[in-house]
There are 6 protein chains.
Amino acid sequence: MLGDFQEIIKQALAEDIGPGDLTTWAVVAPDTPACARILAKEAGIVAGLPVAARVFASLDTDVRFSPQIRDGAKVSRGDTLALVEGRAETLLSGERVALNFLRHLSGIATRTAGLVQAVASYRARIVDTRKTTPGLRVLEKYAVRVGGGHNHRFALYDGVLIKENHIRVAGGIGQAVSLARVRVPHTLKIEVEVTNRRELDEALETGADIILLDNMSPDEMREAVEVVNGRCLLEASGGITEETVVAVAKTGVDLISVGALTHSVRALDISMDIEILTPPV
Amino acid sequence: MLGDFQEIIKQALAEDIGPGDLTTWAVVAPDTPACARILAKEAGIVAGLPVAARVFASLDTDVRFSPQIRDGAKVSRGDTLALVEGRAETLLSGERVALNFLRHLSGIATRTAGLVQAVASYRARIVDTRKTTPGLRVLEKYAVRVGGGHNHRFALYDGVLIKENHIRVAGGIGQAVSLARVRVPHTLKIEVEVTNRRELDEALETGADIILLDNMSPDEMREAVEVVNGRCLLEASGGITEETVVAVAKTGVDLISVGALTHSVRALDISMDIEILTPPV
Amino acid sequence: MLGDFQEIIKQALAEDIGPGDLTTWAVVAPDTPACARILAKEAGIVAGLPVAARVFASLDTDVRFSPQIRDGAKVSRGDTLALVEGRAETLLSGERVALNFLRHLSGIATRTAGLVQAVASYRARIVDTRKTTPGLRVLEKYAVRVGGGHNHRFALYDGVLIKENHIRVAGGIGQAVSLARVRVPHTLKIEVEVTNRRELDEALETGADIILLDNMSPDEMREAVEVVNGRCLLEASGGITEETVVAVAKTGVDLISVGALTHSVRALDISMDIEILTPPV
Amino acid sequence: MLGDFQEIIKQALAEDIGPGDLTTWAVVAPDTPACARILAKEAGIVAGLPVAARVFASLDTDVRFSPQIRDGAKVSRGDTLALVEGRAETLLSGERVALNFLRHLSGIATRTAGLVQAVASYRARIVDTRKTTPGLRVLEKYAVRVGGGHNHRFALYDGVLIKENHIRVAGGIGQAVSLARVRVPHTLKIEVEVTNRRELDEALETGADIILLDNMSPDEMREAVEVVNGRCLLEASGGITEETVVAVAKTGVDLISVGALTHSVRALDISMDIEILTPPV
Amino acid sequence: MLGDFQEIIKQALAEDIGPGDLTTWAVVAPDTPACARILAKEAGIVAGLPVAARVFASLDTDVRFSPQIRDGAKVSRGDTLALVEGRAETLLSGERVALNFLRHLSGIATRTAGLVQAVASYRARIVDTRKTTPGLRVLEKYAVRVGGGHNHRFALYDGVLIKENHIRVAGGIGQAVSLARVRVPHTLKIEVEVTNRRELDEALETGADIILLDNMSPDEMREAVEVVNGRCLLEASGGITEETVVAVAKTGVDLISVGALTHSVRALDISMDIEILTPPV
Amino acid sequence: MLGDFQEIIKQALAEDIGPGDLTTWAVVAPDTPACARILAKEAGIVAGLPVAARVFASLDTDVRFSPQIRDGAKVSRGDTLALVEGRAETLLSGERVALNFLRHLSGIATRTAGLVQAVASYRARIVDTRKTTPGLRVLEKYAVRVGGGHNHRFALYDGVLIKENHIRVAGGIGQAVSLARVRVPHTLKIEVEVTNRRELDEALETGADIILLDNMSPDEMREAVEVVNGRCLLEASGGITEETVVAVAKTGVDLISVGALTHSVRALDISMDIEILTPPV
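Since this is a predicted model, take the numbers as computed values, not measurements. (Residues numbered from 1 in each chain as written. Chains lettered and ligands numbered in written order. Predicted model: local features only at pLDDT ≥ 70, side-chain atom pairs only at ≥ 80, totals over all residues. Heavy atoms only, no water.)

**Things to note about the packing of helix α4 (residues 88-118) of chain E against helix α5 (residues 137-146) of chain E**
Helix-helix packing: each pair is described by the crossing angle between the helix axes and the interaxial distance.
All names here are of chain E.
In step 1: Contact geometry of α4 with α5 gives a least axis separation of 7 Å together with a crossing angle of 45 degrees. Taken together, the axis directions place α4 and α5 in an arrangement best described as oblique. Note that α4 runs across α5; the crossing there is right-handed. Residues F101, H104, L105, I108, A109 and T112 of α4 lie in contact with α5, whose contacting residues are L139, E140, A143, V144 and V146.
In step 2: Per-class residue counts for the contact of α4 with α5 are eight nonpolar, two polar and one charged. (Axes fitted to C-alpha atoms, helices over the stretch in contact; angles between N-to-C directions. Helix = DSSP H or I, 4+ residues; strand = E, 2+ residues; numbered from the N terminus. Parallel < 35°, antiparallel > 145°, perpendicular 65-115°, else oblique. Left-handed = near helix turned anticlockwise from the far one by under 90°. Contact = heavy atoms within 4.5 Å. Nonpolar A, V, L, I, M, F, W, Y, C, P; charged D, E, K, R; others polar.)

**Notes on the pairing of strand β5 (residues 80-87) of chain E**
Residues and elements named next belong to chain E.
In step 1: Looking at chain direction, strand β1 (residues 33-40) and β5 are connected through seven bridges and run antiparallel. Counted as the bridge partner of A36 is V84 from β5.
In step 2: Inspection of the sheet shows strand β3 (residues 64-67) paired to β5 by four bridges, in the antiparallel sense. Pairing of P67 across the sheet is with A82, part of β5. (Pairing = 2+ DSSP bridges.)

**Things to note about the packing of aromatic side chains**
Two aromatic rings are characterised by how far apart their centres lie and by the angle between their planes.
In step 1: Scanning the model with the defined rule gives nine aromatic pairs over all chains in all.
In step 2: A cation over an aromatic ring shows up here: R183 of chain A above the ring of W25 of chain B, its NZ or CZ 4.8 Å from the ring centre. (Phe/Tyr/Trp six-rings, centres within 6.5 Å; stacked < 30°, edge-to-face > 60°. Lys NZ or Arg CZ within 6 Å of the ring centre and 35° of its normal.)

**Describing helix α4 (residues 88-118) of chain C**
All names here are of chain C.
In step 1: Look at α4: 43 Å from first C-alpha to last across 31 residues, which is about the 45 Å you get at 1.5 Å a residue.
In step 2: Taking the largest bend as the criterion, α4 deviates by roughly 45 degrees, centred on E95.
In step 3: With 24 of its 31 residues buried, α4 lies for the most part within the structure. (Expected span 1.5 Å × (residues − 1). Bend = angle between axes of the 7 residues up to and from the residue. Buried < 20%, exposed > 50% of the residue type's maximum accessible area, 1.4 Å probe, protein only.)

**Considering the interface of chain C and chain A**
In step 1: Between chain C and chain A, the contact holds 22 residues from the first and 21 residues from the second.
In step 2: The largest per-residue losses of area from chain C upon contact with chain A belong to H186, T187 and K189 of chain C, which jointly make up 40% of the total buried on that side.
In step 3: Our enumeration of links across chain C and chain A arrives at zero salt bridges.
In step 4: Remark: the boundary between chain C and chain A carries 12 residue pairs in polar contact (both at pLDDT 80 or more).
In step 5: For the side of chain C that touches chain A, the secondary-structure elements that each account for two or more residues are β6 (125-127), α7 (173-183) and β10 (233-237) of chain C.
In step 6: Looking at the side of chain C that touches chain A element by element, the count peaks at three residues for α7 of chain C.
In step 7: Considering only residue class, the side of chain C that touches chain A consists of nine nonpolar, five polar and eight charged. (Buried area = accessible area lost by both parts, 1.4 Å probe. Salt bridge = Lys/Arg side-chain N within 4 Å of Asp/Glu carboxyl O. Polar contact = N/O pair within 3.5 Å; in protein donor to acceptor, adjacent residues only side chain to side chain.)

**Considerations on the sheet that holds strand β3 (residues 64-67) of chain F**
Residue and element names in this part refer to chain F.
In step 1: With respect to topology, four strands assemble into an open sheet ordered β3-β5-β1-β12, the strand pairing being antiparallel. The sheet terminates laterally at β3 and β12 (270-276), the two strands that pair on one side only. When the angles between neighbouring strand axes are averaged without regard to direction, this sheet yields 15 degrees.
In step 2: Running over the sheet, helix α3 (residues 49-59) touches β3, β5 (80-87) and β12 and is turned about 170 degrees from β3.
In step 3: The sheet strands contacting helix α4 (residues 88-118) are β1 (33-40), β5 and β12, and the helix crosses β12 at an angle near 165 degrees.

**Considering the arrangement of the chains**
In step 1: If you take every C-alpha in chain B and every C-alpha in chain D, the smallest gap between them is 9 Å, and the two do not touch.
In step 2: Here chain A and chain E are not in contact; the least distance found between their C-alpha atoms is 9 Å.

**Observations concerning the relation of the copies chain C and chain A**
In step 1: Its rotation angle being 180 degrees, the transformation that places chain C on chain A also includes 0.0 Å of axial translation and leaves an RMSD of 0.0 Å. Each copy turns onto its partner about a two-fold axis.
In step 2: Both copies present the same face, since 95% of the interface residues in chain C are matched by interface residues at the equivalent positions in chain A. (Least-squares fit on C-alpha atoms with pLDDT ≥ 70 in both.)

**Some details on the interface of chain E and chain F**
In step 1: The interface is formed by 66 residues belonging to chain E together with 67 residues belonging to chain F.
In step 2: Buried area between chain E and chain F, summed over both chains or domains, comes out near 5700 Å², and the portion from carbon and sulfur atoms is 58%.
In step 3: Ranking the residues of chain E by area buried against chain F places E15, P134 and L156 of chain E at the top, with a combined share of 13%.
In step 4: Inspection of the chain E/chain F interface yields 38 residue pairs in polar contact (both at pLDDT 80 or more).
In step 5: Put simply, the parts of the chain that give the side of chain E that touches chain F at least two residues each are α1 (6-17), α2 (22-27), α4, β7 (160-162), α6 (164-170), α7 (173-183) and β12 (270-276) of chain E.
In step 6: The dominant element in the side of chain E that touches chain F, judged by the number of residues it contributes, is α4 of chain E, at eight residues.
In step 7: A class-by-class count of the residues in the side of chain E that touches chain F yields 35 nonpolar, 16 polar and 15 charged.

**Describing a negative patch on the surface**
In step 1: Together, D4 and E7 of chain A together with D4 and E7 of chain B line one region of the surface with negative charge.
In step 2: As for its placement among the helices and strands, E7 of chain B is situated in helix α1 (residues 6-17). (Patch = residues over 30% accessible without salt bridge, like charges linked within 9 Å, V, L, I, M, F, W, Y side chains within 5 Å. Areas by Shrake-Rupley, 256 points an atom, 1.4 Å probe, with all protein chains shown as cover. Lys, Arg positive; Asp, Glu negative; His and termini not counted. Charge placed at Lys NZ, Arg CZ, Asp CG, Glu CD.)

**Let's talk about the environment of V28 of chain C**
In step 1: Looking at the element boundaries, V28 of chain C is found in the loop between α2 (22-27) and β1 (33-40).
In step 2: Through-space distance from the C-alpha of V28 of chain C to that of L92 of chain C is 9.5 Å; in sequence the pair is 64 residues apart.
In step 3: Those residues in contact with V28 of chain C that lie beyond four places of it in its chain are A88, E89 and L92 of chain C together with V169 of chain D.

**Re the sheet that holds strand β5 (residues 80-87) of chain C**
All names here are of chain C.
In step 1: Pairing is antiparallel across the open sheet formed by four strands, whose spatial order is β3-β5-β1-β12. On the outer flanks of this sheet lie β3 (64-67) and β12 (270-276), each paired with one strand and no other. For this sheet, the mean inter-axis angle between neighbouring strands, taken without regard to orientation, is 15 degrees.
In step 2: Against the sheet, helix α3 (residues 49-59) makes contact with β3, β5 and β12, and its axis sits at roughly 170 degrees relative to β3, the strand it touches most.
In step 3: α4 contacts β1, β5 and β12 of the sheet and is inclined by roughly 165 degrees relative to β12.

**With respect to the domain arrangement of chain A**
All names here are of chain A.
In step 1: When its domains are assigned, chain A resolves into domain 1 (6-115 + 266-276) and domain 2 (121-263).
In step 2: Here the C-alpha centroids of domain 1 and domain 2 sit 35 Å apart.
In step 3: Between domain 1 and domain 2, the contact holds 18 residues from the first and 20 residues from the second.
In step 4: Overall, the association of domain 1 and domain 2 removes approximately 1500 Å² of surface from exposure, summing both partners, and the carbon and sulfur fraction of that is 73%.
In step 5: When the buried area of domain 1 at its contact with domain 2 is split by residue, R111, T112 and L115 rank highest and sum to 43% of it.
In step 6: Run the count over domain 1 and domain 2 and you get one salt bridge.
In step 7: R111 is paired through a salt bridge with E242; the nearest N and O atoms lie 3.0 Å apart.
In step 8: Our count for the domain 1 to domain 2 interface comes out at four residue pairs in polar contact (both at pLDDT 80 or more).
In step 9: Split into classes, the residues belonging to the side of domain 1 that touches domain 2 amount to 12 nonpolar, four polar and two charged. (Domains from an automatic or database assignment.)

**A short note on helix α5 (residues 137-146) of chain A**
Residue and element names in this part refer to chain A.
In step 1: Among the 10 residues of α5, 10 are classified as buried, and the element is accordingly described as predominantly covered.
In step 2: Buried within α5 we find R137, V138, L139, E140, K141, Y142, A143, V144, R145 and V146.
In step 3: Directly beyond the C-terminal end of α5, a positive phi value near 100 degrees is found at G148.

**A look at the environment of G86 of chain D**
All names here are of chain D.
In step 1: The topology assignment puts G86 in strand β5 (residues 80-87).
In step 2: Remark: the alpha-carbon pair of G86 and C35, spanning 51 residues in sequence, is separated by 6.5 Å.
In step 3: Apart from the residues lying within four places of it in its own chain, the contact partners of G86 are T32, P33, A34 and L91.

**Points about the relation of the copies chain E and chain F**
In step 1: Overlay of chain E on chain F (RMSD 0.0 Å): rotation 180 degrees, translation along the axis 0.0 Å.
In step 2: Taken as a fraction of all interface residues of chain E, those also at the interface in chain F reach 100%, which identifies the copy contact as same-surface.

See below:
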């Protein structure tokens, strides 16, 4: 379920190529056959090969994109990710956009995988948030899954999360949850954000299906886990990093959501080397 | 020259709200007046306030967005960036998208400003690259300028940069530059990427207007500066970071391009607090 | 939460007006001021006045659309729904599209209201389905709510409903539910379609959150209600009409989904009468 | 001349699938080969098979859609309309949208065919109107033709129909027709709506090419036919149903327009059964 | 009935400005108030002022565009067409696109007016064709009307013109006209292209409503007028220019269609002079 | 580097065909195989065959478009440009749009080639301007290249040209050039428009890379060439025609820009003849 990402590819290509790739047009003879190798310049988890493939295919249906590994594979520096054969002009014009996607998504998958591995022996799932890069949510959430993480709701339309700002406007947790129960499709669970023990009790009482523990200390989380005792799911949230994730997982929460997975991405270093094919004699 | 960013805002809102913000619809009474404060949770340079303003305006023309500072301002933790007044449902539905833009762009401006300041006493300009987030180039390049950096070419259509892959296909630097000189509009300079002294000499000889020194050591760059002696512009490129930028600037190059400004962004922490307005009695 | 329906209005106007309304252009003097009355030609529940307003506003921002009632109101033959003042050409060119929306949505609201009232004394909610008119889902689901019904999931992306076709491919109810439990965001309940007692037992055992009873007789449904005994929600579905809905509600199910609400709509008869305004002397 | 309906299919799929079909993704193994049968659950005239084919093709070019009959065929309960082979996930994700189109269009064709057959021995053509579902006009008018009906003008830009509201603004039938004659392309006939004998005479005198008899009784229509005596075409309109259509046809009018063909559609019951293909040993 | 031309303006601006107007951004201080005068550099008929106004309005709602004349006015060299006040950057960025529209459309109106005047004392209408510039049809047909010409059918969907290529495929004029009579909406006349007397007779016999005389000599046309004797409309077509139009008109045909009105446009010379406003003291 | 012109083709087809080609649908039997010949009706340089090919391909992927010459070829009256084989309905529906593109672009190439040939023995390049037809810039600039001309900047985003209006707002040539030097990407040259000797001197002094001589006499241009003496490029501009171009070239300027290449196009006469294919026995 990678979702439909053709539109963002089209935009990215329009953004970068627009009326034409001047350099390639000027210096490369039309229809020169070429082959390129996409390779890792550092170790990590790869995500986005189908996206890179589609970038080239969107420019020219004659390109042959041959992945050498699959999304989710762990690569080392120097490993080949894919071979790309076709017109030299296509390879050159599509290179940057293909790499921009691949490096960004692989960066997300790599970071996610690190966190997932760190808490592998605990019950907690690592989940993403809505703190994604505008326009790229469908791809970024895919990269999180590639890295072994799970997705939280996709957007505002497919989940109910009553946050502090809602509660303030609605006039209290109880009021907000009751309204949601009446109006929201029966297919959705209701999640509420709480910041302290009093709010936790109130949320529990109203029958929330999931409770988000916002910026709580591990001790507070542990207490919450005991209090709730399985009556609903518990999600830890708020500035959780590689340094703190294990301590959080140890508290026994069901879910750990990490905004930085998608809001502060370090691109994985990946590049492309092109060669001309020896012309058939 | 922020460029036209209405479309990406529309997409980001569609992506996040789609058929509707279920939580807000369910728990907030229509037309409840509210006020929100957008505030910094850490120090940095702010970029993107006009974008955030437009996010809310795209949802509801009755929102009043009052910036308390301007893009480019330096803020400290707790500083107010803007006040937003309007219907509570608009504020709640637009919050995440507005913040996603603002945090991302402010992250870019903050990092750029750091590098710019580090080399302030040298001739070199800090410039960006085409390693931007798909769909966000116009905004990210704006954020680089807000941070005091300069823009390199925007895309493949507005500049000529003959890179290693082009040279390989074209059959040499001289060949590539001559072709470009003939075919490319007279309004554009011609830039060539070189990786060693021999290529530098060849590029100089062909009359390149700008030479990009790819992944050279400071010593190699210094030699290039001496050899060129003002006959063309010199751009340093390749994995330059906060740690290495001063050494690069000291070599006397004219430009330092830093892909990480836009490919590995750490979001600046910014949030929004909402309150209901006291209803008129 | 009416959702964003600007795009479908734009399309409907493009579809009907295209390069221009020939008749109006030919026979009406530009800028002739006029007033029109939108009125019911039969009794029913009105839905879509904000849509009709937006149709005219999309053509001409100078139109004044004054609803005389609100969506959800019960009208009788001859009742005025709204007054529309503005240029005669705008009123004439927008009339058909505005009425097409209004009549269709009011037809849905009217039928929904009839079913809702019929089962008002039972616990069951009347809910809609995905059997909607292509392109109009957001509006049709709104009209269902206006008529007092509730919405089921909006689409394939915001709910999990494992239907017979899925079960066949997945290799059984148990297998399907377990897979869904692992992969699907924790914010969503899992619903399973069953057609007989054996499947019902299997679904219960796997811990489904909601069970859809497909085309069961009232007796079978009653048995299902007893067996389940509150452990999950029960939804009745399959050809339910005005004739059978009460019998279904009496079985004690939680939800009754009715595809015909949106797949077989009888438009409510609504028309528009235009007059020229007496010009100021 | 089915027209271009790719866009509405794209929208319908976006509307229903959006970022992804959660259920199918969760429970179905990728690339599972499957076959589905689309079959009639009640008797009627089928319309929309090319549309259904395109729905699946839009999702996945590897799907093989094999119609077993052609649009316009009369089917009985249980008849197979088409076989669909391809990936199980494609069949499951496209099912609802394909059926929504097919059921709606077949509903229109079925009703049209009934009316056409009822008046088969009279000169009158059954024609549609602009009372169509927003966004679906091109398809609905196609379905009317499939059912044996004829199309009236497609929209406001390809025909001239001076209605009561126009006449009121223009200041009389004569005035309106003269203006139209001067300004409208010479390729279009001019049609005028009349409600009584006096207006009929006026329209005839001005040389209208077609006269629409609005809500007249059969007796009034018969008189009109006699008065006109072949000097122009006569179209009967206004609430005509299966009950009244023969009486109208008997009057000798040339055209009978029926808004309900497209504004009050009863979907034809059609469903899809999926099976896994036995994998090759 | 200028039609909807917002989209083509949006594209023209995107095409010319794209990510930003570099020159203006670099050299003009933001928010500098300015005023510009749009003036004729040669004599002609002006068309397109509402389009030019919309160009500036699309960039900046604060611009005040004050036409000094109306579309259709005859101007001499030096005459002022409009004043434009607003931010200097808006005026500079929109100038070229606004002028490109205005000059092109005025060129069409000027040429049309010349032909219309030349045949003013004859019955023939000057009409346009489908030989328009791709994307600009709605505007070009408007400019023809501004110049006093009439429009032929707008496109393939709103008129029936059976041309030589159709006749060849259909197997004869009689066959083609009969098919059209049965299938085409009753609101459209049927036009047939003929190239000689024999075809003319055949077309007359089949009851064509309009006959297009393709590339006939004035003598042949005169004969056609006599033969037809008012039984249908006659349209002269084929390479008619300023030199030949009067001779054609003299033959008594009803319509003279001139492709060159829109396929070979000489732009009218119009330019824009900008001034800074004296800032308020 | 023809650029992406799929969108404008799609629009041109939508504009001309919209909901359907009535005539073809009515008179041509579906799937009739046919062949058409596209031929020159006058001598000229052909441009746009790939565009015409794409027009038909956009309608129907089964069409076989076989160019008999390549863009840039010189043709005489009667020469065949291409053969088109496929369904008769596709050929008929696509004919007009394909020819509209082909005739317009060939008109541009033909005129450009004339000017290029006229100045072939001088150093000056013939270049285009931004005075293009809205929506067609990418294609028109391509046609200029096909005719042997060169392109000026594509748009406002890929070149800096400080014109008289800019200078007036910026407060002088020196001021404007300095600002541009600081703010504009280092990859772009800076061009300034001057109208007399004094401005020329000022522009030279500020170090402009290119100077545009606006509406100067050949004598003034010759003086400018001498004064500049190779220190920057010189571009002649302003109403240059076939009559004056040689005199301008003789002055020794580097570039001659001709707006009329694209703002006042005379279409090359090209038509299409269709035949039915003898059906296989």
